[in-house]
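Analysis of the macromolecular model
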Amino acid sequence: MALTALRPEKVLLLECDVLDSREKAPGCRLLRLDLPEMAPRIEAGQFLHIRPAGVLTPYLRRPFSVYDVPASPRGAVDLLFTVIGSGTYALGSLRPGTRASVLGPLGRPFRFASDGAVSVLVAGGIGVAPFPDLAKKLIAAGSVPAKDIRAVLGARSRSLVFCREDFAALGVPCEVGTDDGSEGFHGNAVQLTARVLEGLRGQPVRIYGCGPEPMLRALQKLCVERKISGQLSIDRRMACGLGICRSCVVRVKDPAGPDWHFETVCREGPVFDTETLLW
Ligand SMILES: Cc1cc2nc3c(=O)[nH]c(=O)nc-3n(C[C@H](O)[C@H](O)[C@H](O)COP(=O)(O)OP(=O)(O)OC[C@H]3O[C@@H](n4cnc5c(N)ncnc54)[C@H](O)[C@@H]3O)c2cc1C
Ligand code: FES
């Protein structure tokens, strides 16, 4: 079913098979869905709004970034999530052979250009989820070679650093930092980013961020102070996912003048420019 009346970009509402469900790392689950109609339309940074099919609890869908659209099996879409409450518990309990109800692809993707800038992907914890796909698409589009991408992975502790192996497989250099110093740089993701930027001094840089809000606010400050172009994928509780219920609004600066307006994270986001986002 195509929701063309609501979104001309052709959001689909589908029931699909669960192809795989497994623990990728302690507390972090990978869910593989069979979505051949949706997979080719997905752009890096977009998300799916999903719930188990045929049950009433949880009633509301939950939003998840697309983690991967693997080449094989064709039509598969992978999500990566940590179990934190009833919705993620129910989705984490799905097994191959069960079905999910999926709305997507939703939201505006990350933008990229082949202008020679180094792309620094800054992730806090499970906020890394959209970045392997972004790195893959940056490389595949010929926009940015792997050597001009940096993955900056911050986490509270070593066991919460996810996806290092994905960046290694793509040949993307990866810097790891932990709040407790159990691996890599001892400090947070934004402090580590500042250090990475020192090493890139003199080169044009574009920053992409995804993670907890305090981290993204600090990253935004860093981008603004250093006049670096940045895009942040932000997280809000969502209901409809289609820009109708207005439960996910944030304040955004007007393009001209000092005023601001509300935009929905599900429809105008989840990716916002660091220059315009007022939270
Ligand atoms: C665009 C988008 C993409 C996302 N991508 C991913 C992803 O790839 N992987 C992933 O693990 N998570 C992702 N999330 C967050 C994910 O949607 C929530 O973790 C999930 O909805 C929680 O559902 P729950 O029923 O398990 O938790 P709940 O029972 O609803 O909540 C459990 C606890 O987490 C808090 N919480 C729940 N949702 C959020 C939220 N959105 N922001 C802040 N606090 C929250 C609640 O306040 C509560 O304390 C994304 C969110 C958005 C908006
Ligand atoms: S979730 Fe309804 S408007 Fe965004």
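Overview of the side chain of S143
Residue placement: S143 occurs in the loop between α2 (131–140) and β8 (149–155). Classification of S143 as buried rests on a relative accessible area of 14%. Once residues within four sequence positions are removed from consideration, S143 is found in contact with F112, A113, S114 and L138.

Topic: the domain arrangement of the protein
Domains assigned within the protein are domain 1 (12–106), domain 2 (118–235) and domain 3 (236–279). Of note, the centres of domain 2 and domain 3, computed from C-alpha atoms alone, are 23 Å apart. Residue-level contacts link 14 residues of domain 2 with eleven residues of domain 3. Across the domain 2 to domain 3 interface the summed buried area is about 1,200 Å²; carbon plus sulfur atoms make up 54%. Interface area lost by domain 2 to domain 3 is led by Q220, L232 and I234, which between them contribute 46%. Where domain 2 meets domain 3, there are one salt bridge.

A closer look at the packing of aromatic side chains
Evaluation of the coordinates by the stated rule reveals four aromatic pairs. Centroid distance W260 to F262: 5.1 Å. Interplanar angle 75°. Geometry classified as edge-to-face. Residue classification places F262 among the partly exposed residues on the basis of a relative accessible area of 44%. Looking at R251, its charged tip hangs above the ring of W260, at a distance of 4.9 Å from the centre.

A few points about the sheet that holds strand β11 (residues 205–210)
Strand order across the open sheet formed by seven strands is β10-β9-β8-β7-β11-β12-β15, with mixed pairing between neighbours. Each of the sheet's edge strands pairs with one partner strand only, and the pair in question is β10 (185–186) and β15 (271–273). Alignment of strand β7 (residues 118–124) against β8, held across six bridges, turns out to be parallel. Bridge pairing links L121 to A151 in β8.

As for the nonpolar core
Membership of the largest hydrophobic core comes to 36 residues, with the highest contact counts inside it found for V120, V122, V205, I207, L219 and I234. Elements represented by at least two residues in this core include exactly β6 (99–106), β7, α4 (189–199), β11, α5 (213–225) and β13 (249–253). Once residues within four sequence positions are removed from consideration, V205 is found in contact with A117, V118, V120, L197, L200, I228 and S229.

Overview of the site of ligand 1
Around ligand 1 there are 20 residues in total, and P63, G87, T88, D235 and R237 lie nearest to it. Within the side chain of R62, one N or O atom sits 2.8 Å away from an oxygen atom of ligand 1. One of the side-chain N or O atoms of T88 is found 2.4 Å from an oxygen atom in ligand 1. Expressed as a share of its isolated accessible area of 890 Å², the protein-covered part of ligand 1 is 74%. For the shell around ligand 1, the elements supplying multiple residues, two or more each, are β4 (62–65), β5 (76–82) and α1 (86–92). Residue contributions to the shell around ligand 1 peak at four residues, all from β4. Class assignment for the residues of the shell around ligand 1 results in ten nonpolar, six polar and four charged.

Cut-off values and rules
Think of each chain on its own: its residues are numbered from 1, step by step along the sequence as written. Here every chain gets a letter starting at A, and every ligand a number starting at 1, in the order they are written. Under the rules for a predicted model, residues below a pLDDT of 70 receive no local features and side-chain atom pairs below 80 are neither given nor counted, while totals for whole chains, interfaces and linings still include all residues. Heavy atoms throughout the structure, all of them, feed into the side-chain values; hydrogens and water do not. Each helix corresponds to a stretch of at least 4 residues labelled H or I by DSSP, and each strand to a stretch of at least 2 residues labelled E; elements are numbered beginning at the N terminus. Burial here depends on accessible area, computed with a 1.4 Å probe over protein chains only, as a share of the maximum for the residue type. Under 20% is buried, over 50% is exposed, and the range in between is partly exposed. For this analysis, residues touch if any pair of their heavy atoms sits within 4.5 Å. For each domain, the first and last residues come from an automatic or database assignment. As a working definition, buried area equals the accessible area (1.4 Å probe) given up by two parts on being put together, with both sides summed. Here, a salt bridge means any side-chain nitrogen of Lys or Arg that lies within 4 Å of a carboxyl oxygen of Asp or Glu. Here a pair means two rings of Phe, Tyr or Trp (six-membered ring of Trp) with centres within 6.5 Å. Their orientation is stacked below 30 degrees between planes, edge-to-face above 60, and tilted elsewhere. Should the NZ of a Lys or the CZ of an Arg lie within 6 Å of a ring centre and within 35 degrees of the ring normal, that charge is described as sitting over the ring. In this analysis, strands are considered paired if DSSP registers two or more bridges between them. Definition of nonpolar core: a set of buried residues of the types Ala, Val, Leu, Ile, Met, Phe, Trp, Tyr and Cys, connected through side-chain atoms within 4.5 Å. One heavy atom within 4 Å of a molecule or strand makes the whole residue count as near it. Here a polar contact means two N or O atoms within 3.5 Å. Within protein one must be a hydrogen donor candidate and the other an acceptor candidate, and residues neighboring in sequence count only if both atoms are side-chain atoms. Areas reported as accessible are Shrake-Rupley estimates using a 1.4 Å probe. Residue values count occlusion only from the protein chains shown. Residue polarity is assigned by list, with Asp, Glu, Lys and Arg as charged and Ala, Val, Leu, Ile, Met, Phe, Trp, Tyr, Cys and Pro as nonpolar; anything else, Gly included, falls into the polar class.

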